[in-house]
Amino acid sequence: MPIRVLPPEIASRIAAGEVVERPASAVKELIENSLDAAADEIRIEVREGGRRLLRVGDNGQGIPAAEVPLAFERHATSKLTSADDLEHIGTLGFRGEALASIASVAQVTLLTRHADEAAGTLARVDGGLWVASEPKGAPAGTTVTVENLFYNVPARLKFLRQPATEAAHIAAMVHRFAMAFPERRFSLLSEGRLAFQSTGTGRLLDVLIKLLGLEAARQLVPVGLEDVGIPEASAAAALPHVHGYVGLPSLHRSNRNQIFLFLNRRPIQDRTLAFAVTEAYRNRLMVGRYPVAVLLIEIDPALVDVNVHPAKAEVRFRDERAVFRAVQKAVHAALVDIAPVAELRHDRLQWQMPDWADRRQALLDAGRPSPFALQPAPGPQATPAGPAEAEAGEHAHSWFSPPEPAPANGHPPAPPQPASPASPQVTSMLPILRVVGQLGTMYIVAEGPDGMVLIDQHAAHERILFEQMMAAQAGLGVAQQTMLEPLVFEPGSLMAGLVAENAEALAAVGFALEPFGGDSWLVRGVPAVFGATDPRRAVEETLEGIADGRDVAGETREAALVAIICKRAAVKAGQVLSMPEMRHLLRQLESCQSPGSCPHGRPTMLMLSAAQLEREFGRHG
């Protein structure tokens, strides 16, 4: 094919795809324009996750009537005057692509009035084509209404997620700007309901109380200066200035999603700086847990390049090591000065290569009654084993078929009970196993006729709980632990939307939650598998799991929730188990239909055959 110049409308749509990836991208660009226009009141309205309508209005300086047509031209901006300005960008926007990109893939209405003009201007653009413009009365500021986003780009439209998911991405974007600009007031309306509103007081802590909830906010400690606006002098400083808030070691999450980083008020994604934060928590958090942090980094704009990607979420530092050290040092100083040493929780005992004497004592103690002993889930399979069953379980252990109890008082054992419909009888095709012990407080060591088997105690217990809960759900329902007095749970705006969105599915898997006004909920019950776990923590960890997999299809949502619950309720790696507990866990695993993997697909066991052992020891010629 011959080389040809693309028509302007095709080139515009291609360029728009780099800037407007989803509705949240359009919201981001419009909010940045509002902030650069010195607005201190910004209102965002969303319908159908932004697909049908999204509107961003502000009380900023507005656009002069004569410049309104120019605002929709590509690369038209008021924020750059020469190439030298790219070396020290001090505004959020600078490319001049936002309005042009959005207008090329949507139907856009712009209502604006400059502060120095008596009348405003109403302009309409459809798919990048100018439609009309007329004078219109309006308050000072700008309101941009975007309708039918991607209506002329069906390939992009069909890849959008469900409206609730897209709305969640928009809310997350608004939350980030509210943290970066606590002195500005942000209001988010979703489907006509006020979903979030910041105070605009200038105190970052006020925003974090709204987002994280009061309980979590009480576990935050300040980093750097007190909770005030950005110092003017720091913007010109060569050395990075870091301030914000970080959580005590008692406040942790299952992923890095609540490590929020801002560079000169710009939300950024930087793995290196996120690692600097987690490094400051070394030996303070359990393995697999991550801190909560909101850090605002201020540095001379000449020392950073923000012109890396159209989304402007990635940056390059002239001296990345200096910024890394500044972040790590600031967080570490906050923790050393204020945070207490992390307490060792008995329900999540973690071994870090203990001395052999300490391990020996821990293993000896495992034979005593343990406050964190394995708690079987309610149901027919959770019946405690008798002494005869325990003895049989040690010497003749099968994956699927429970061992027959030894005769008592000379009488033969009772005939086996028929299997329930929820748990069909399956003939065992696996060898019998004998529990030998525990390795590294993580793996159960067992012996079979063909060699040695290592069972991951956490993955195995996940599989057990998952199948028990799914069977219960298909029958009489998931067993619930009802609270004597309801607990007030304040998830904060970051998680409140997840509770409302998944209320029915949460109820189906054993949670009893009731709205209690605002972002608060009453917790009246939790799934019984959580045992003695703090109910508030049980709800928090389940919501964290939902946040990790919020795009789960509706028909599998309840099964996904069960998997999330089981992951958090199962016995943990690092938990010492007694011999009876290990035998009981393997007896439960043998009745599972899929004992070879946990609900997330991770293997529950590995085998080292006798032939392999013989080869390793040189017994074969």
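Residues numbered from 1 in each chain as written. Predicted model: local features only at pLDDT ≥ 70, side-chain atom pairs only at ≥ 80, totals over all residues. Heavy atoms only, no water.

Let's talk about the overall build of the chain
Part 1 of the reasoning: Along the chain, the regular secondary structure elements total 19 helices and 24 strands.
Part 2 of the reasoning: As displayed, the chain has an accessible area near 30,800 Å², and 55% of this comes from carbon and sulfur atoms. (Helix = DSSP H or I, 4+ residues; strand = E, 2+ residues; numbered from the N terminus. Areas by Shrake-Rupley, 256 points an atom, 1.4 Å probe, with all protein chains shown as cover.)

Re helix H2 (residues 23-36)
Part 1 of the reasoning: With 14 residues, H2 extends 20 Å from end C-alpha to end C-alpha; this agrees with the ideal 20 Å at 1.5 Å per step.
Part 2 of the reasoning: Among the 14 residues in H2, twelve count as buried, and that is most of the element.
Part 3 of the reasoning: Every buried residue of H2 is listed here: Pro-23, Ala-24, Ser-25, Ala-26, Val-27, Lys-28, Glu-29, Leu-30, Ile-31, Glu-32, Ser-34 and Leu-35.
Part 4 of the reasoning: Phi turns positive one or two residues past the end of H2, at Ala-38, with a value near 65 degrees. (Expected span 1.5 Å × (residues − 1). Buried < 20%, exposed > 50% of the residue type's maximum accessible area, 1.4 Å probe, protein only.)

As for the packing of aromatic side chains
Part 1 of the reasoning: One pass over the full model with this rule turns up three aromatic pairs.
Part 2 of the reasoning: Consider the rings of Phe-72 and Trp-130, whose centres lie 6.0 Å apart with planes at 75 degrees: the pair is edge-to-face. Of the two residues, Phe-72 is situated in the loop between helix H3 (68-71) and helix H4 (98-104) and Trp-130 in strand S5 (residues 129-136); the sequence distance between them amounts to 58 residues.
Part 3 of the reasoning: Relative accessible area serves as the criterion here: at 11%, Phe-72 is assigned to the buried category.
Part 4 of the reasoning: Overall, Trp-130 belongs to the partly exposed group, its relative accessible area being 40%. (Phe/Tyr/Trp six-rings, centres within 6.5 Å; stacked < 30°, edge-to-face > 60°.)

Some thoughts on the sheet that holds strand S22 (residues 512-515)
Part 1 of the reasoning: With antiparallel pairing, three strands are arranged side by side in an open sheet as S21-S23-S22. One side of each edge strand has no neighbouring strand; the edge strands of this open sheet are strand S21 (480-489) and S22. Pairs of neighbouring strands in the sheet enclose a mean axial angle of 15 degrees, with direction left out of account.
Part 2 of the reasoning: With four bridges connecting them, S22 and strand S23 (residues 521-527) associate as antiparallel partners. Residue pairing for S23: Pro-515 is matched across the bridge by Trp-521. (Pairing = 2+ DSSP bridges. Axes fitted to C-alpha atoms, helices over the stretch in contact; angles between N-to-C directions.)

Overview of the confidence of the model for the chain
Part 1 of the reasoning: Looking at the chain as a whole, its pLDDT mean stands at 78, while 76% of the residues score no less than 70.
Part 2 of the reasoning: Segment residues 366-427 is flagged for pLDDT under 50; beyond a separation of four residues in sequence, or across chains, it makes 95 contacts in the model. (pLDDT = per-residue confidence, 0-100. Contact = heavy atoms within 4.5 Å.)

Re the side chain of Ser-34
Part 1 of the reasoning: You can see Ser-34 is positioned in helix H2.
Part 2 of the reasoning: The residues contacting Ser-34, other than those within four sequence positions of it, are Ala-39, Ile-42, Val-56 and Asp-58.

Topic: the sheet that holds S5
Part 1 of the reasoning: Across the sheet, eight strands lie side by side as S5-S4-S3-S6-S2-S1-S7-S8; this open sheet has mixed pairing. Looking along the sheet, the strands with just one partner apiece sit at the ends: S5 and strand S8 (193-197). When strand polarity is set aside, the average angle formed by the axes of neighbouring strands in this sheet is 15 degrees.
Part 2 of the reasoning: Strand direction decides the pairing type here: strand S1 (residues 41-47) and strand S7 (residues 185-190), joined by six bridges, are parallel. Directly across from Arg-43, in S7, lies its bridge partner Ser-187.
Part 3 of the reasoning: Contacts from H2 reach S1, strand S2 (53-58), strand S6 (141-147) and S7 within the one sheet, and its direction differs from that of S2 by about 10 degrees.
Part 4 of the reasoning: This element, helix H6 (residues 163-180), spans S1, S7 and S8 of the sheet and lies at about 170 degrees to S7.

Here we look at unusual backbone geometry
Part 1 of the reasoning: We note that Glu-191 has phi near 55 degrees; this positive angle belongs to a residue other than glycine.
Part 2 of the reasoning: Counting through the fold element by element, Glu-191 comes out in the loop between S7 and S8.
Part 3 of the reasoning: Notably, Asn-283 is not glycine yet its phi reads approximately 70 degrees, a positive angle.
Part 4 of the reasoning: Relative to the elements of secondary structure, Asn-283 occurs in the loop between helix H9 (271-280) and strand S14 (290-291).
Part 5 of the reasoning: Of the residues examined, Asn-283 reaches a relative accessible area of 74% and is grouped as exposed.

Observations regarding H6
Part 1 of the reasoning: The end-to-end C-alpha separation of H6 is 26 Å, in line with the 26 Å expected for 18 residues at 1.5 Å each.
Part 2 of the reasoning: With 13 of 18 residues buried, H6 is to be regarded as a mostly interior element.

Considering the environment of Ala-610
Part 1 of the reasoning: Note on placement: Ala-610 falls in helix H19 (residues 610-616).
Part 2 of the reasoning: Here Ala-610 falls in the partly exposed class, since its relative accessible area comes to 33%.
Part 3 of the reasoning: As a C-alpha pair, Ala-610 and Asp-450 span 160 residues in sequence and 5.7 Å in three-dimensional space.
Part 4 of the reasoning: Among all residues touching Ala-610, those that are not within four sequence positions of it are Asp-450 and Gly-451.

A word on the environment of Glu-447
Part 1 of the reasoning: Within the secondary structure layout, Glu-447 lies in strand S19 (residues 443-448).
Part 2 of the reasoning: Since its relative accessible area comes to 40%, Glu-447 is described here as partly exposed.
Part 3 of the reasoning: Taking C-alpha positions, Glu-447 is 6.7 Å from Val-436, a pair spaced eleven residues apart along the chain.
Part 4 of the reasoning: Among the polar contacts made by the side chain of Glu-447, one reaches the side chain of Arg-434 at a distance of 2.5 Å. (Polar contact = N/O pair within 3.5 Å; in protein donor to acceptor, adjacent residues only side chain to side chain.)

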